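# Overview (structure and organization)
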Amino acid sequence: MTSITPIDAMDEEAGGDLDPPLGFATRAIRVGHRRTGEGEHGEPIFTTSSFVFANAAEAAARFAGDLEGNIYSRFTNPTVRAFEERLAALEGGASCVATASGMAAILAVCLGLLKTGERILSSRAIFGSTTMLFNKYLARLGIETAYVPLSDLDAWESAIDARTRLLFCETPSNPLTEMVDLRRLAEIAHRNQCLLVVDNCFCTPALQRPLDLGADIVIHSATKYLDGQGRCLGGAVVGDRKTVGEEVFGFLRTAGPTMSPFNAWVFLKGLETLELRMLAHARAAAGLADWLLAQPMVARVHYPGLSAHPQYHLIGTQQRTGGGIVAFEVRGGQAAAWRVIDATRLISITANLGDTKTTITHPATTTHGRLTPEERTTAGIGDGLLRVAVGLEDPVDIQADLARGLAGL
Ligand SMILES: *Cc1c(COP(=O)(O)O)cnc(C)c1O
């Protein structure tokens, strides 16, 4: 990776509607904090469940919605609002609502926007709990989900029917890093009166901004790269004022899976270093992908930044870099893959990602273990496949940790 497209060069309206428009890194550090009378430099944490009113009339006006302001932290909280405003400014959306986890964000979008009889059309390779939410819990409410292969635009278009309301995808996919052309998928969605919802957890707005490409809603698990250090659970939904600011927010303030002020403060700090970290993750991942290609016991490497990747043309136009996730297949199936994992002394054996610490996982027996062998074959999850979420340690140490296992095969 010799040159990386500046994020603002991929964004016609850099800085959103801020005046004057601010650069991405500036927004990540400055937006959202309204300094109180104490003159604090760092963002304060408002640990309060409720807020007081000057008098009965003001209480009545706030409850009636005639007067803006805080009432109760299930509805709004100043620290949470600061995080929401900062993330909205980074994704280029008018509204953001923060949630207790990434799954709560997906639930809030579905229950805030869909009703019985309506359908979701989703890419097949999505986060395991999301599939479970769609297939088990939403199906019970009469909201069905159909699945298509992520990059096959014709399959998306022909699977849409009159009841389809939401198109849902993750790009790049986990663990094979397949990508879909979001501009073209957004056109298909809008031609068919559907909303395009993108789970942008793997890229974050530092590498990809789906709203600029035509998507209607962006979902985050803030638990991953937005925090970036594996400390807190959280999530967010970004989009326009009506869909997100009213409909999704309306569900959230009623049902209650809101973000805690402490977690919002951790995520605010995470956003300040987001771009630096994402570029460092991506640089290390690109280096690891190149190194893996040269290893004799590695049969195949999946990384969007490699020129052999089937959607490599989207790098630099949709996605700034290949991101931080690399998957590779070792020769020798499950036994070989497990030996590589068990030979590591540094890399953490966990399915989590988006941490400064590099992690390794064997999808066929963990994240994708509940699929039948046929379903795994269809999904391209081989027994020799390993996924590495590349952290921020010295890259030579990560290579040495993997080299030990590969040498023993
Ligand atoms: C982790 C993850 C989620 C769920 O987020 P939680 O914060 O764990 O609830 C959703 N989508 C993707 C792509 C994820 O990686």
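The text that follows walks through the structure, step by step, so that each part is easy to find. (Residues numbered from 1 in each chain as written. Predicted model: local features only at pLDDT ≥ 70, side-chain atom pairs only at ≥ 80, totals over all residues. Heavy atoms only, no water.)

### Here's the deal with the sheet that holds strand β12 (residues 385-389)
Strand order in the open sheet formed by five strands is β8-β9-β12-β11-β10, with mixed pairing between adjacent strands. The open sheet has two edge strands, β8 (298-302) and β10 (348-349), and neither has a second partner. In terms of strand pairing, β10 meets strand β11 (residues 359-361) through two bridges, oriented parallel. Bridge pairing links Ser-348 to Thr-359 in β11. Sitting on the sheet, helix α10 (residues 274-293) is in contact with β8, β9 (325-330) and β12, with an inclination near 15° to β9. Relative to the sheet, helix α11 (residues 333-342) contacts β9, β10, β11 and β12, its axis offset from that of β9 by approximately 130°. (Pairing = 2+ DSSP bridges. Helix = DSSP H or I, 4+ residues; strand = E, 2+ residues; numbered from the N terminus. Contact = heavy atoms within 4.5 Å. Axes fitted to C-alpha atoms, helices over the stretch in contact; angles between N-to-C directions.)

### Remarks on the nonpolar core
Core analysis: the largest hydrophobic core is formed by 35 residues, its most contacted members being Phe-83, Leu-87, Leu-226, Val-238, Met-259 and Leu-271. Taken together, domain 1 (7-272) and domain 2 (275-408) each give at least three residues to this core, which thus spans both. Formed by 27 residues, the second largest nonpolar core is a distinct cluster that contains Ala-284, Leu-386, Val-390 and Leu-406. (Core = buried A, V, L, I, M, F, W, Y, C linked by side-chain atoms within 4.5 Å. Buried < 20%, exposed > 50% of the residue type's maximum accessible area, 1.4 Å probe, protein only. Domains from an automatic or database assignment.)

### Considering helix α8 (residues 241-255)
Between the first and last C-alpha of α8 there are 19 Å, a value that for 15 residues agrees with the 21 Å anticipated at 1.5 Å per step. The largest bend in α8 is about 35°, located at Phe-249. Among the residues of α8, Thr-243, Val-244, Val-248, Phe-251 and Leu-252 are the ones counted as buried. N-cap assignment for α8: the residue whose side-chain oxygen lies 3.2 Å from the backbone N of Lys-242 is Asp-240. Immediately beyond the C-terminal end of α8, within one or two residues, lies Gly-256, with a positive phi of roughly 100°. (Expected span 1.5 Å × (residues − 1). Bend = angle between axes of the 7 residues up to and from the residue. Polar contact = N/O pair within 3.5 Å; in protein donor to acceptor, adjacent residues only side chain to side chain.)

### A closer look at the site of the ligand
Inspection of the region around the ligand gives Ser-101, Gly-102, Met-103, Phe-127, Glu-170, Asp-199, Cys-201, Ser-221, Thr-223, Lys-224 and Gly-234 as its neighbouring residues. Contact distances for the ligand include 2.8 Å between an oxygen atom and a backbone N or O atom of Gly-102. Thr-223 is positioned such that a nitrogen or oxygen atom in its side chain is 2.6 Å from an oxygen atom of the ligand. Bound to the protein, the ligand loses 92% of the 380 Å² it would expose on its own. Considering only residue class, the shell around the ligand consists of three nonpolar, five polar and three charged. (Near = heavy atom within 4 Å. Areas by Shrake-Rupley, 256 points an atom, 1.4 Å probe, with all protein chains shown as cover. Nonpolar A, V, L, I, M, F, W, Y, C, P; charged D, E, K, R; others polar.)

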